[in-house]
Every structure is written in C-alpha cells, then in structure tokens.
Amino acid sequence: MDIRKLEKQTLEQIEKTSDENGLRIFEKQWLGPKGKIRELFRELKNFEPEERKKIGGEINLLKKELTAALEKKRTGAEKEKQGFVLEKEWLDATRPVKPAEIGHIHLLTSALKDIALIFKNLGFDSVSGPDIETEWNNFDALNIPAYHPARETADTFWLNQMSNVKSQKLLLRTHTSPSQIRHLLSHKPPCRIVSPGKVYRFEAIDASHNIEFWQLEGLAVDKNINFANLLDILRTFLKEFFKEKNLKIRIRPSYYPFVEPGIDIDLSFDGKKWIEAAGAGMVHPNVLKNTKLNPEGWQGIAFGIGVDRLIMLKHKIPDIRLLHSADLRFLKQF
Ligand code: DAH
C-alpha cells in the first residue's frame, strides 16, 4: 500500500478541482463513511501488527492532509469570489495612477465668465433674472404693448396656467431685457448691471437660429450718462473680448421699443461679412416711467448682446446648435 503515492495523487486532484460540486464529490469519495480512507483502514487487518501501526499512522496523516487541503481550497475560492486574490495577484502601490479623464467647463460657461469679468472691470455688477417671466415684465413695461408688431417677431412659449389661480400671463422670456425692469423696480439708481441668461423664441431652427440661446443684458442709469458712454463701453467690451486687431465694429440705427434712439452693432473680421451681435440705445422715457423713475431727472443706456453669436464668431463655429448639443467631439476642442 503506497500511501505516499496516494497522497500525491489526491492532493493534485484537489488542486485541479475548480468548483464546489467537484470538491463535494471528492470529499464523499475519500472522507465519507463509505469512502476510500475507511476502506484503507479496513485493509489494515491484512498487515502484520508492526506494519499495521506504521501504515495506520500514514493513513491518518493522509486523512488530515486531505481535510486541510479541502478546507484551504474552499476558503481560497471564497476569497477569490470576493476579490481577494492576493496569492495570485499583487498590488504595486508605487505604480503611477492612470490619470482619470477630467471634463472641463463648457465653452458657453467660460465665455460668460470672461464677459462678466470684463464688465466687472467696467463697474457693472452681474445679476440674474428668471427664465419664466410675466407678460408685463417681458413686454408691456418695456414699451411693447399688446398690439405692437414687435410682439409677433418675438413670439414665444406661453405657459398653461391653472384657471383657478388669478395671475398675470407667464411665458419663457424672449429676451433678457425684463431684467432691466426687475432691477429698476428693486434698486434705486444710479446703477450699472449686466444680466446674462437664457432666452427662448418660437423660431425655425437652423445654423444661426435656435429656440433657446443666451443673451447678456446691460443697463446703466444715472443723472447724465449718455450715448457716447454707451458706445465707449460697448467698444471697450468688444475689443477686450475678441482681442483681435482685425475686429471691425459697425454701428447703425435700429429700432427697439424700449430705447430711443436705438442702434444695432455688427461685427466683422474681413470688412465684408458682417454679423449682428448686439442691440442697444438710450433707455426709453416710458421704461423709466414704468419703473417709477422720472425721465426728467434720470437717463439710462441699455444693450443686449447675443452671447452665442459672439462665441461663434470668436471660435469660428459654423452652427449655433453645436453650442447646445452634448457632442463631445465638439466640446473637447475647447
Ligand atoms: N432685447 C433685444 C432683443 O432681444 C436686444 C436689445 C436691443 C436689448 C436693444 C437692449 C437694447 O437692451 O437696448 O432683440
């Protein structure tokens, strides 16, 4: 009876068995009540007493070894299941960490920050207004009465309101100009503010039009602030923002009900292709009256800048929709 050989074979068999089911079969075969160990003990009677003692000891040892090997195999499998595979794998704590891919601030957000900083240096505070506005703030107070054709070109998304709640009609603001009204009604002039935010229009979407885009409203009200100040502020801002020697600024008369006189500002790099980037003017006396200010004592300058357009121009972006998409191929470039 070669117990040594048996020992080698059985231990190898345990090592090779990879699942619990196999281990259980092995256990029954070898250590069970009708198992091979028992059988070996039974065979002992055929040996001389001296040898019986020696072989008996060996069989006992084998039994212990098999029990221990089974247990070790089982706890090892359990640890492996839980991810502790330290005997097979090892951890190099000195290895440099693979840098995680970290995102960055969206182009729009960083441009808005830059813009706010330029205006801060010109003495303008940054304030914000809500995306949902009252009809009065968005239109009437800005000298755009219900019959005015300017309402039609700025038609927007009206909110369904509960019939049992009596309130003004609400809409998604069509421009940031209502923040002028909000500010003047809650702060005593003199004041200088910019108010960036999203605006909404019922538009046919194409490369240069979207139903949502960003504007930046500007307003300064003082005793003797004037048109020259307005032009100077806008020119200073545009030069700072673009930092381009070639930038050309064109100013032409325009009409907005809430300013008088009103202008539009076009920009170009080549002097041929112009893009409208902002509207501006002197605050209309009716707007001052609507915000309880006396137009005889106060005057104001106002401007509304198309933020998306400025960014598109600065970074040569051909389609406004890219700015509002979540396309990483686009976003990662900035
Ligand atoms: N609110 C105008 C628009 O959305 C832009 C604008 C024009 C704002 C002239 C102004 C302004 O403050 O003075 O088209």
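Residues numbered from 1 in each chain as written. Predicted model: local features only at pLDDT ≥ 70, side-chain atom pairs only at ≥ 80, totals over all residues. Heavy atoms only, no water.

Q: An account of the overall build of the protein is needed here, citing residue identities and associated values.
A: When helices and strands are counted, the protein shows 13 helices and nine strands. Here the C-alpha radius of gyration of the protein, 41 Å, is well above what a compact globule of 334 residues would show, namely 20 Å. Taking all 334 residues of the protein together, 38% fall into the buried category. Partitioning the contacts of the protein with sequence separation of at least 6, the portion at a separation of at least 24 is 64%. Working note: accessible area of the protein is about 20800 Å², and carbon and sulfur atoms make up 54% of it. The positive charge centre, built from 53 side chains, and the negative charge centre, built from 46, are 2 Å apart in the protein. (Helix = DSSP H or I, 4+ residues; strand = E, 2+ residues; numbered from the N terminus. Rg over C-alpha atoms; globule rule 2.2 N^0.38 Å. Buried < 20%, exposed > 50% of the residue type's maximum accessible area, 1.4 Å probe, protein only. Contact = heavy atoms within 4.5 Å. Areas by Shrake-Rupley, 256 points an atom, 1.4 Å probe, with all protein chains shown as cover. Lys, Arg positive; Asp, Glu negative; His and termini not counted. Charge placed at Lys NZ, Arg CZ, Asp CG, Glu CD.)

Q: Which residues make up the side chain of E217, and what values do they have?
A: With respect to the helices and strands, E217 occurs in strand 5 (residues 212-222). The side chain of E217 is buried and forms no salt bridge, while R173, the nearest opposite charge, is found at 8.1 Å. In this structure the side chain of E217 is engaged in a polar contact, spanning 2.9 Å, whose partner is the side chain of S177. The contact partners of E217, leaving out residues within four places of it in the chain, are T176, S177, S179, Q180, I193, V194, S195, F303 and G304. (Salt bridge = Lys/Arg side-chain N within 4 Å of Asp/Glu carboxyl O. Polar contact = N/O pair within 3.5 Å; in protein donor to acceptor, adjacent residues only side chain to side chain.)

Q: Outline the packing of aromatic side chains, listing residues and values.
A: Scanning the model with the defined rule gives 12 aromatic pairs in all. Within the aromatic cluster, the residues linked to one another by ring pairs are F119, F124, F237, F241, F242, F269 and F303. Here the guanidinium or amino end of K169 rests over the ring plane of W158, the centre of that ring lying 4.2 Å away. Over the aromatic face of F241 sits the side chain of K314, whose NZ or CZ is 4.3 Å from the ring centroid. (Phe/Tyr/Trp six-rings, centres within 6.5 Å; stacked < 30°, edge-to-face > 60°. Lys NZ or Arg CZ within 6 Å of the ring centre and 35° of its normal.)

Q: Describe helix 2 (residues 20-31), listing the residues and the values that go with them.
A: In an α-helix, one turn spans 3.6 residues; hence positions three or four apart end up facing the same way. Counted at 1.5 Å a residue, the expected span for helix 2 with its 12 residues is 16 Å, and the 15 Å between its end C-alpha atoms agrees. Looking at helix 2, one finds that the buried residues are L23, F26 and W30. Projected down its long axis, helix 2 carries its buried residues within an arc of 65°, all on one side. (Expected span 1.5 Å × (residues − 1). Arc of directions from axis to C-beta.)

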